[in-house]
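So you can see what is in the structure, the chains are spelled out below.
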Amino acid sequence: MDIFAGTTILEMGAGAAGPVATRYFADCGATVIRIESRARPDFLRTLRLTPNTPGGLDAAEHFAVLNVNKLSCALNLSKPEGVAVAKRLALWADALAENFAPGAMKKWGLDYATLVKERPDLVMISTCLNGATGPHRFYPGFGGQGSALSGFNHLTGWPDRAPLGPYGTITDSLSPRFSALLVASALLHRRRTGEGQHIDLSQVEGGIVCLSEALVTFAANREVLGRAGNRDRHTVPHGVFRCRDAADGRERWIAIAVHDDADWKKLVAAMGNPAWAADASLASTAGRLARVGEVECHLDGWTRTHDARPLAERLQRAGVDAAPVLDLGDLHEDPQLAHRRHFRPVDHPVLGRHPAEMSAIAFSDTPADIRKAAPKLGEHTRHVLRDLLGMSADEYDALEQKGVLA
Amino acid sequence: MRGNLDGIRVLDLAGEPGHFAGKLLGDLGADVVKIEPPAGDPIRRRGPFWGHADDPERSLAWLAYNTSKRSITLDLEKPRGRDIFLDLVGRADVVLETHAPGALATLGLGWTDLQRKNPRVILCSLTPWGQTGPYAGWRGSDLTAIAMSGNLHCTGDPDRAPVRCSLPVAYYHASIEAALAVTFALVAREQSGRGQHLDVAMQAAMVMPNMATGSMFRMNGNRGARSGASFRQPKSVQREIWPCKDGWVSFALRGGPARIPGLVAMVKLMDEHGMASEKLKATDWTTYNHNLLTQAEVDELSTEFGAFFASKTMTELFQAAVERNLMLAPANTAREIDASEQLAFREFFVEVQNPGRGRLRYPGPFAKIAAPSNPTTVGIRRPAPQLGEHTAEVLAEVGVSDAMLAELHAAHVC
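Residues numbered from 1 in each chain as written. Chains lettered and ligands numbered in written order. Predicted model: local features only at pLDDT ≥ 70, side-chain atom pairs only at ≥ 80, totals over all residues. Heavy atoms only, no water.

Trainee: Can you walk me through helix α3 (residues 79-90) of chain B in this structure?
Mentor: For an α-helix, the turn length of 3.6 residues means that residues three or four places apart are oriented alike. Between its first and last C-alpha atoms α3 of chain B spans 17 Å; for 12 residues at 1.5 Å apiece the expected length is 16 Å, and the two agree. All buried positions along α3 of chain B are accounted for by G81, I84, F85, L86, L88 and V89 of chain B. (Helix = DSSP H or I, 4+ residues; strand = E, 2+ residues; numbered from the N terminus. Expected span 1.5 Å × (residues − 1). Buried < 20%, exposed > 50% of the residue type's maximum accessible area, 1.4 Å probe, protein only.)

In C-alpha cells, the structure reads:
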C-alpha cells in the first residue's frame, strides 16, 4: 500500500524547490497536480530553451527529471475563469503547495486567509526566499541568493579565495526537504485532530537553522566561522587529494578523513609506513594540526601515484574513511547507488528513456517508486478537471474555447 | 505550545550525523529522548566551547543541534541497559540511530528485536551509504559522503581540489531526509497499524542537491565541473559571486525572463552613480537571452557590473537590491545574519535559557505556522539537555525506582 495513495496535492509555482518537495509525495503514491500555463511557463521548462529547441517546453531535461510521477493541468491564471478553476482545485485537494512570491496568491484570491473561509481544515504551504512577512518578503530571488543570504557561500571554498556556493544552490535542495517534512506532519496532525494549517517556509531561515552551529558560536563567543577548504579544525588529515588521471585524461581525486589517532595509525600502515610519517610528533592530533600543510603535502605525493577508487577500497579495507570523488557520470556506475536503485529509468514522450532519482529513503514496508514520466504541459488537463474534479463536459468545452485551459 | 508531532515519542540514539534529525522532530513537538552512553555523546567533548571553557555542557556543536530533546544515560552494551531500552521501545513510536549497519543487531537491538517488542515502532537508520549493498560496511562521514555524490566534484575552483562547505551539509541534508522519512512512516502507520525500517543514506541524500544534473548526464553527457565563483553556460562562463568593497555579493546574469527586471534595474542604479556605459544603457533587454551570450559579451557585462560592485559595500548593495528588486544578495557571515532586519521583524532568533550557564541566542523556527485558531508551532521546545538530566523521570515510566536507579548508576548502566 502506498503511503499517500488517495491523497491529492495541488502544486502551483515554478523552479526547483517546489517540485522537488511534492516529488516525495508523488513517489509514495500521491496524486500531485501541477497547475501550469503556456502564458507563463515554469522557468525550469525554459532554462535552456532557445527558439530551435525540439519539443519546446516539453523537452526541458531539468523539468523532466524533477517532475516525474506528476500530472499537469493547464490553466491560464491571467483569466478570471482560470483562477476560479484553480480555486475549486485548491478547495478540493488534500493539500496546496505554492512557491510564488508573496502576494501572488492573494492577488488571485488563492491565499490561505481567503481559502480557509471555505475550507477550515485546509493544509497549505507557501515557500519563498525570505518568508511571507517582513520588509524583505517581496524580495525575489533564486537559490543563488538563498545560499548567500543564509551563510553557505561564506562557509564554502578556500580561505584565500572567493566564497562559493555548494554546487546546485543549496537552499533549493534543503527547502524541499523541510517542505515535505512540514506538509507530512501537517497531514498527520489533521488526520489526528481535524485541524488544518498554513505553513510559511522561508528558504533562508531553513538554511540558517541548518547552520545553527555558526550562529550559536557567534552568539556565544562572537567568533565568526569561516571557510577552511576541506580541513577540519579538530582532525588532520581531512582533505581531498589528487590521484592518477583517468585513462581519458580526466582528473581524479580521493577524499580522506582521518578522525582520530587510531585512524592515523591505520593510514600510515596502509601507506606502507613511509619515513616521513614515522615522526613521533605526528602520532597525535595536536602534532598533526601543527604541521597540517606538511602532512597534506606528503599525502598528496602518495595519492598521486594511485587510482582513486582502488585506493579508496584499499584504505577502507584498512579501516580508514576514504572515498573516490565521483563526477556526475560516475554516479551511474557506482555499485552502491546501483544497489539502492537510486536512478530509475522512465520513458519520456519527447526525451525518450532517461533516469530520474529516488529519495535517500528505502522504506521496508511502503516502497516508493517512479511510475511515469514528467508531464507535458497540460497533458492531464482533461483528466484532472473532468475525471478527478468532476467538471461537466459543457463547462470544460466552454473553458477550452475561451483559451482558459492553456 | 502545541506541535504537529505532539504525543510522538522518539528514542534518539543518533550520533553527530543525526543530531539535527532529532532536533527537527522535537521542534515539531515530538518528545525526543536522547539516549547517551554514561560518558556522554562524544560531541560534548568537542570545541569550540561556550566561553572557551572545556566543559561537556558548553560544547557549541552539542548545544546547536540538541535543543528540544531530553537526555538520559544508558549503556546499551550492558544486558541491563539493553533490557531497559527495550522497555522504553515498548512505549515509543520511533527509534532514530546512526550506528554502522548491523551494530544494533549485535547488541540484540536490531530491527527484528525492536519489531518483536513493539510492532508499531518505526526504526530510522541513518548511515553514510545505506544498510545493505557493496559499500554498506564502509566508513563514511560528511566529506566522503559528499565525495561519492557528485556534489563535491562540482564545487570549488577549477585549479584546486574539489571543496566542501566547512560545516557538514551532508549531515543536515540527511537529517532532514530522516525526519521526513519518520513523518511519512507515521502517516503510513495510521493506515497499516505497523511500523517499518527506514534506511536513509547520506550519499544518496547528497545526490539530490545536484538538482537533477546527475540524471541529466544520461541526456547531455555533462559530468559537471568546478567553475569557482562562476556558472558554466553552454557558450560561456559567467561570474556569480563578485567582490565588493567589504566582502562578496551574489548576482547572476542568468534566470530567464524572471531575471530581466533585476538586470534593467541594476543598470539604472549604475547609471544614477555614473557607472553605466552608453553601450550598457542601450542594451535591448527584450531580446536578452543569457544562453546566447558569447564569452566576449559576458566579459564586457562583467567588467561593468564588477566595477560597480567593487565601489560599494555589501550593506549598500543589499539595501539597494531590496528597494529595487535587483536579485543580488550578500555572502552573509553569522554577523550579518545576526543583524538582519528581516529576521528581526520575523522574530526569528530566540533566547534559550541554559540552566547554570545563562541565555544563548539561537536560530528559531525553520517554518512558521498559522491556522484559524490556536495554531501548532515549530521551534525550540527546551534547551539542549545536560548529560542524563532526565534519566530519573524517563526511567520511572518503565518502573525504575529511585533505589534501582542508584544501583544502575553504581553499576555504570546509566
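Trainee: What's the story with empty space enclosed by the protein in this structure? I'm lost.
Mentor: Where empty space is left can be seen by rolling a probe of water-molecule size over the atoms. Under the counting rule described, the total for this entry stands at 8 cavities of 30 Å³ or more. Looking at the largest cavity, its volume works out to about 220 Å³. Forming the boundary of the largest cavity are 20 residues, of which R23, E357, M358 and S359 of chain A together with M208 of chain B lie nearest the centre. Here the lining of the largest cavity takes 4 residues from helix α1 (residues 17-27) of chain A, the largest share from any one element. In terms of residue class, the lining of the largest cavity is made up of 14 nonpolar, 1 polar and 5 charged. (1 Å grid on protein atoms, 1.4 Å probe; cavity = no way out; pocket = protein on both sides within 12 Å on 5 of 7 lines; lining within 4 Å. Points joined across faces, edges and corners; volume = space filled by probe spheres on them. Nonpolar A, V, L, I, M, F, W, Y, C, P; charged D, E, K, R; others polar.)

Trainee: What exactly am I supposed to notice about the nonpolar core here?
Mentor: Here is a general trend for soluble globular proteins: nonpolar side chains tend to be buried in one another's company. Grouped together as the largest cluster of nonpolar side chains are 213 residues, with contacts concentrated most on F25 of chain A together with F305 of chain B. Sort the elements by how many residues they give to this core and helix α7 (residues 169-192) of chain B lands first, with 16 residues. Sequence-distant contacts of F25 of chain A, defined by excluding residues within four places in its chain, comprise F4, I9, A30, A180, V183, A184 and L187 of chain A together with F184 of chain B. Among the nonpolar cores identified, the runner-up in size contains 32 residues, and V83, L89, L385 and L389 of chain A belong to it. (Core = buried A, V, L, I, M, F, W, Y, C linked by side-chain atoms within 4.5 Å. Contact = heavy atoms within 4.5 Å.)

Trainee: Is there a simple way to think about the interface of chain B and chain A in this case?
Mentor: Interfaces are often sized by the accessible area lost when the parts come together. Counting from both sides, the interface comprises 155 residues of chain B and, opposite them, 160 residues of chain A. Counting the surface lost from both chain B and chain A, the interface buries some 13600 Å², and carbon and sulfur atoms represent 63% of this. Taken together, chain B and chain A are joined by 14 salt bridges. Between R139 of chain B and D263 of chain A there is a salt bridge, and its shortest N-O distance comes to 2.6 Å. Run the count over chain B and chain A and you get 72 residue pairs in polar contact (both at pLDDT 80 or more). Among the elements that take part in the side of chain B that touches chain A, α7 of chain B stands out by supplying 16 residues, more than any other. Residues belonging to the side of chain B that touches chain A are distributed by class as follows: 83 nonpolar, 47 polar and 25 charged. Pairing analysis gives 3 bridges linking strand β6 (residues 197-202) of chain A to strand β14 (residues 368-370) of chain B, with the strands arranged antiparallel. Following the sheet pairing, D200 of chain A is matched in β14 of chain B by K368 of chain B. (Buried area = accessible area lost by both parts, 1.4 Å probe. Salt bridge = Lys/Arg side-chain N within 4 Å of Asp/Glu carboxyl O. Polar contact = N/O pair within 3.5 Å; in protein donor to acceptor, adjacent residues only side chain to side chain. Pairing = 2+ DSSP bridges.)

Trainee: Just to check I follow, could you spell out the packing of helix α10 (residues 260-272) of chain B against helix α12 (residues 295-310) of chain B for this structure?
Mentor: A pair of packed helices is characterised by two quantities: the angle between their axes and the separation of those axes. Residues and elements named next belong to chain B. Put simply, α10 and α12 touch, their axes get as near as 11 Å, and they point 60° apart. Classified by the interaxial angle, the pair formed by α10 and α12 is oblique. The crossing of α10 and α12 is left-handed. When α10 is examined against α12, the residues L263, M266, V267, L269 and M270 are found in contact with a partner set consisting of E304, F305, F308 and F309. Classifying every residue of the contact of α10 with α12 gives 8 nonpolar, no polar and 1 charged. (Axes fitted to C-alpha atoms, helices over the stretch in contact; angles between N-to-C directions. Parallel < 35°, antiparallel > 145°, perpendicular 65-115°, else oblique. Left-handed = near helix turned anticlockwise from the far one by under 90°.)

Trainee: For this particular structure, what's the right way to read the sheet that holds strand β9 (residues 321-324) of chain A?
Mentor: Picture the strands of a sheet paired through backbone hydrogen bonds; they go either parallel or antiparallel. Residues and elements named next belong to chain A. The strand order across the open sheet built from 3 strands is β7-β8-β9, with neighbouring strands paired in antiparallel fashion. Looking at which strands have only one partner, the edges of the open sheet turn out to be β7 (238-243) and β9. Taken over all neighbouring pairs, the strand axes of this sheet differ in orientation by 20° on average, direction set aside. Sheet topology places β7 next to strand β8 (residues 252-257); 6 bridges connect them, and they run antiparallel.

Trainee: So what exactly am I meant to see when it comes to the sheet that holds strand β2 (residues 31-36) of chain A here?
Mentor: Within the open sheet, the 7 strands sit side by side as β3(A)-β2(A)-β1(A)-β4(A)-β5(A)-β6(A)-β14(B). Their pairing is mixed. Looking at strand neighbours, the two that pair on one side only are β3 (70-74) of chain A together with β14 of chain B, the edges of this open sheet. For this sheet, the mean inter-axis angle between neighbouring strands, taken without regard to orientation, is 20°. Here 3 bridges tie strand β4 (residues 95-98) of chain A to strand β5 (residues 123-128) of chain A, and the two strands are oriented parallel to one another.

Trainee: Please clarify how the environment of A276 of chain B should be interpreted in this entry.
Mentor: Residues and elements named next belong to chain B. Checked against the element boundaries, A276 lands in the loop between α10 and α11 (278-281). Here A276 falls in the buried class, since its relative accessible area comes to 12%. Along the primary structure A276 and E304 are separated by 28 residues, whereas in three dimensions their C-alpha atoms are 7.1 Å apart. Filtering out sequence-adjacent residues up to four positions away, A276 remains in contact with V267, M270, D271, K281 and E304.

Trainee: How should α10 of chain B be read in this particular structure?
Mentor: Residues and elements named next belong to chain B. With 13 residues, α10 should cover 18 Å at 1.5 Å per step; its first-to-last C-alpha distance of 19 Å lies within 8% of that length. All of the buried residues along α10 are I260, G262, L263, A265, M266, V267, L269 and M270. Turning to α10, the residues buried within the fold contact β10 (248-251), α11, α12, α13 (314-324) and β11 (328-330). Two residues or fewer past α10, G274 is found with a positive phi of approximately 65°.

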